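# Coordinate analysis (summary)
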Amino acid sequence: MRTWAILLLALALGACAATPTPGPSDRLFADRLFRAPSVPVDASGVFAVSAGMKDYLATEIGDIAGGKGRQQTLVNALRNRGQLRLEYDAAFTRNAAEAFDARTGNCLSLVIMTAAFAREMGVGVRFQNVYVDENWSRKDDLYFSVGHVNLTLGKRPPKLGTRLDDGEQLTVDFLPPPDLRGSRWRVIEEKTVLAMYMNNRAAEALSAGRADDAYWFAREAIAQDPDFVTAYNTLGVIYHRRGHLEEAARSFSHALDREPRNIPVMSNLAPVLASLGRLDESRAIASRLARLEPDPPFAFFDRGKAAMRSGDFRGARDLFERELDRAPYNHEFHYWLALALAQLGEPDKARRHLALAMENSTTRKDHDIYASKLARIRSSSVH
């Protein structure tokens, strides 16, 4: 399960628990440009344990003696579909209580819910940012880089640099394949998890056309963790969407100062500088970006779709396969490869990739769409 890390390429507080301490990032905020949020933007409730969660602990978990017993019992409940019956759905990010009520959520939502349960049970929690192969999704002209977080239950961490499956603790990970054993990881603080949550909410609000809400969520992400660079990029995208180019350039430049090789930030900053007439700066960044990433995310995929429209199904197949080589778990790529294979008269391969599209779908809606198409193909092949 995964967390949306940041919007990018194609452009690319309401009830705060406390007033943020003024800092260098405050000059990036322009509250006057946005209406008040339509929903509460409050980090204090993200890990809050609801009455329903407490009832569940009392009736289903019970009073288990010993820290190891408590954490193992919680892990068993997470894995047992007869208990919590959790489902993965990346449609939007929920807080702990919302994920429990829905029994579903994306990676970050389920990590937050698990941490809330663990703390209520007296079990120590540690969060990890896990470095996986870069993965992208998009909606319309907004692109999203998808990262991954998990958590470890228990109080004694393994030695730095050891694998996540070492030590006496229990690591809880909601990510489907690939297997994460041996993956690189970095411990992150709760403030960073809160910033990730707020950033996700900002990305989701902007994708839904609610730029005012998106601004306040991005602002709160920065307030929670000023070192979380992704949030500055999100803030810049929001400004750009609303036509506030100077503010967008400041946000992107601030992020690039923090991470000079950040490709999403460079991808966003170059066109903004060009629109501001700062052409030499824009060209320099665009040139550097082309060297770092000559084939950006979805480049082969978009060319494959163009080949499909022109009737070049063999060329489309080859391009979709190239995109899958670097993003093997993207359901959309599998789906379009299945369409190309069907046009080439390879129904068995088409069915296999459609099944992979269903298996790797990140929302219940997409899963059901692919399942329906696969069922129709299978029924039509029965003689």
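Residues numbered from 1 in each chain as written. Predicted model: local features only at pLDDT ≥ 70, side-chain atom pairs only at ≥ 80, totals over all residues. Heavy atoms only, no water.

### Quick word on the overall build of the protein
Worth spelling out the cut-off: Helix and strand labels come from DSSP, where a helix needs a run of H or I of at least four residues and a strand needs a run of E of at least two; each type is numbered from the N terminus. Burial here depends on accessible area, computed with a 1.4 Å probe over protein chains only, as a share of the maximum for the residue type. Under 20% is buried, over 50% is exposed, and the range in between is partly exposed. Note on areas: Shrake-Rupley, 1.4 Å probe, and residue coverage restricted to the protein chains presented here.
Scanning the protein for helices and strands turns up 15 helices and nine strands. The 383 residues of the protein split such that 50% are buried. Summing over all exposed atoms, the protein offers an accessible surface of approximately 17,900 Å²; the carbon and sulfur share of this is 50%.

### Some thoughts on the sheet that holds strand E4 (residues 125-131)
Spelled out, the test is: DSSP bridges decide pairing: two strands pair if at least two such bridges lie between them. Here the axes come from fitting lines to C-alpha atoms, over the contacting stretch only for helices, and the angles between their N-to-C directions go from 0 to 180 degrees. Whether two residues are in contact is decided by their heavy atoms: any pair within 4.5 Å suffices.
Strand order in this open sheet of four strands is E8-E7-E4-E9, and the pairing throughout is antiparallel. Edge positions in the sheet fall to strand E8 (170-172) and strand E9 (184-188), since each of these pairs with one other strand and no more. Along the sheet, successive strands turn relative to each other by an average axial angle of 35 degrees, direction set aside. Bridge analysis of strand E7 (residues 149-153) against E8 gives three bridges, and the strand direction is antiparallel. Following the sheet pairing, Thr152 is matched in E8 by Thr171. Docked against the sheet, helix H5 (residues 190-207) engages E4, E7 and E9, running at close to 100 degrees with respect to E9.

### Section: the side chain of Thr114
Checked against the element boundaries, Thr114 lands in helix H4 (residues 107-120). According to the relative accessible area criterion, Thr114 is buried, its value standing at 0%. Residues in contact with Thr114, not counting those within four places in the same chain, are Leu74, Leu78, Leu151, Val172 and Phe174.

### Quick word on the pattern of salt bridges
We count it as follows: Take a side-chain nitrogen of Lys or Arg and a carboxyl oxygen of Asp or Glu: if they are within 4 Å of each other, that pair is a salt bridge.
Here the structure, examined in full by the defined rule, presents 15 salt bridges. A salt bridge links Asp348 to Arg351; its shortest N-O distance comes to 2.3 Å. Here Asp348 pairs with Arg351, and both are found in helix H14 (residues 347-359), just three residues apart, close to one helical turn. Assessed through its relative accessible area of 55%, Asp348 is described here as exposed. Among the ionic contacts, a cluster of salt bridges with common partners joins Arg317, Asp318, Glu346 and Lys349.

### A short note on the environment of Pro328
Here Pro328 is to be found in the loop between helix H12 (313-326) and helix H13 (331-343). The partly exposed category is assigned to Pro328, whose relative accessible area is 38%. Along the primary structure Pro328 and Asn360 are separated by 32 residues, whereas in three dimensions their C-alpha atoms are 9.4 Å apart.

### What to know about unusual backbone geometry
A positive phi angle, close to 55 degrees, is found at Arg103, a residue other than glycine. With respect to the helices and strands, the residue Arg103 is situated in the loop between helix H3 (96-102) and strand E3 (104-105). With a relative accessible area of 22%, Arg103 lands in the partly exposed category. Although it is not a glycine, Phe298 sits at a positive phi angle of roughly 75 degrees. One can find Phe298 in the loop between helix H10 (279-292) and helix H11 (299-309). Given the relative accessible area of 1%, Phe298 is considered buried.

### Considerations on the confidence of the model for the protein
Put simply, the rule is: On a range of 0 to 100, pLDDT expresses the predictor's confidence in each residue.
On average, residues of the protein score 83 in pLDDT, and 80% of them reach the 70 mark or higher. Contacts from residues 1-22, a stretch scored under 50 in pLDDT, to residues over four places away or in other chains number 96 contacts. Confidence drops under a pLDDT of 50 for residues 161-167, and excluding neighbours within four residues, the segment shows eleven contacts in the predicted structure.

### Looking at H14
Selection criterion: By definition here, a helix of n residues has an expected span of 1.5 Å times n minus one.
Under the 1.5 Å per step criterion, the end-to-end length of H14 is 18 Å for 13 residues, consistent within 8% with the ideal 18 Å. Three or more residues of H14 are buried, namely Ala350, Arg351, His353, Leu354 and Ala357.

### A look at the packing of helix H1 (residues 51-61) against H4
Condition: Put simply, angles under 35 degrees are roughly parallel, angles over 145 are roughly antiparallel, angles from 65 to 115 are roughly perpendicular, and the rest are oblique. Crossings are sorted by hand: turned counterclockwise from the far helix by less than a right angle, the near helix makes the crossing left-handed, and turned clockwise it makes it right-handed. Residue polarity follows a fixed list, in which Ala, Val, Leu, Ile, Met, Phe, Trp, Tyr, Cys and Pro are nonpolar, Asp, Glu, Lys and Arg are charged, and the others, Gly among them, are polar.
Look at H1 against H4: their axes get within 11 Å of each other, and the N-to-C directions meet at 60 degrees. Classed by the angle they form, the pair H1 and H4 counts as oblique. You can see that H1 and H4 cross each other, and the crossing is right-handed. The residues of H4 that touch H1, namely those facing Met53, Lys54, Tyr56 and Leu57, are Met113, Ala116, Phe117 and Glu120. Here the residues of the contact of H1 with H4 sort into six nonpolar, no polar and two charged.

### So, the packing of H4 against H5
Close contact between H4 and H5 brings their axes to 11 Å; oriented N to C, the two are set at 140 degrees. As judged from the angle between their axes, H4 and H5 are oblique. In the crossing of H4 with H5, the sense of the turn from one axis to the other is left-handed. Counting all contacts with H4, which are made through Leu108, Ile112 and Arg119, the residues of H5 involved are Glu190, Val193, Met196, Tyr197 and Asn200. In terms of residue class, the contact of H4 with H5 is built from five nonpolar, one polar and two charged.

### Overview of the pairing of E7
Taken across its five residues, E7 has five buried, putting it largely inside the fold. Pairing between E4 and E7: five bridges, direction antiparallel. In the sheet register, Arg126 faces E7, and the bridge partner there is Thr152.

### Thoughts on the packing of aromatic side chains
To keep things clear, this is the line we draw: Each aromatic pair joins two rings of Phe, Tyr and Trp (for Trp, the six-membered one) with centres within 6.5 Å, and gets the label stacked for planes under 30 degrees apart, edge-to-face for over 60, and tilted for any other angle. Two conditions define a charge located above a ring, namely a distance within 6 Å from the ring centre to NZ of Lys or CZ of Arg, and an angle within 35 degrees of the ring normal.
Evaluated as defined, the whole model comprises 16 aromatic pairs. Taking 5.9 Å as the distance between ring centres and 70 degrees as the angle between the ring planes, the aromatic pair formed by Phe298 and Phe301 counts as edge-to-face. Taking 6.3 Å as the distance between ring centres and 85 degrees as the angle between the ring planes, the aromatic pair formed by Phe301 and Trp336 counts as edge-to-face. Taken together, the residues span a long stretch of sequence, with Phe301 in helix H11 and Trp336 in helix H13 at a distance of 35 residues. You can call Phe301 buried: its relative accessible area is 0%. Among the aromatic residues, ring-to-ring pairing joins Phe298, Phe301, Phe320, Phe333, Tyr335, Trp336 and Tyr370 into one connected group. Against the face of Phe100 rests Arg103, its NZ or CZ located 4.0 Å from the ring centre. Of note, Arg119 hangs over the ring of Phe47, and the distance from its end group to the ring centre comes to 5.1 Å.

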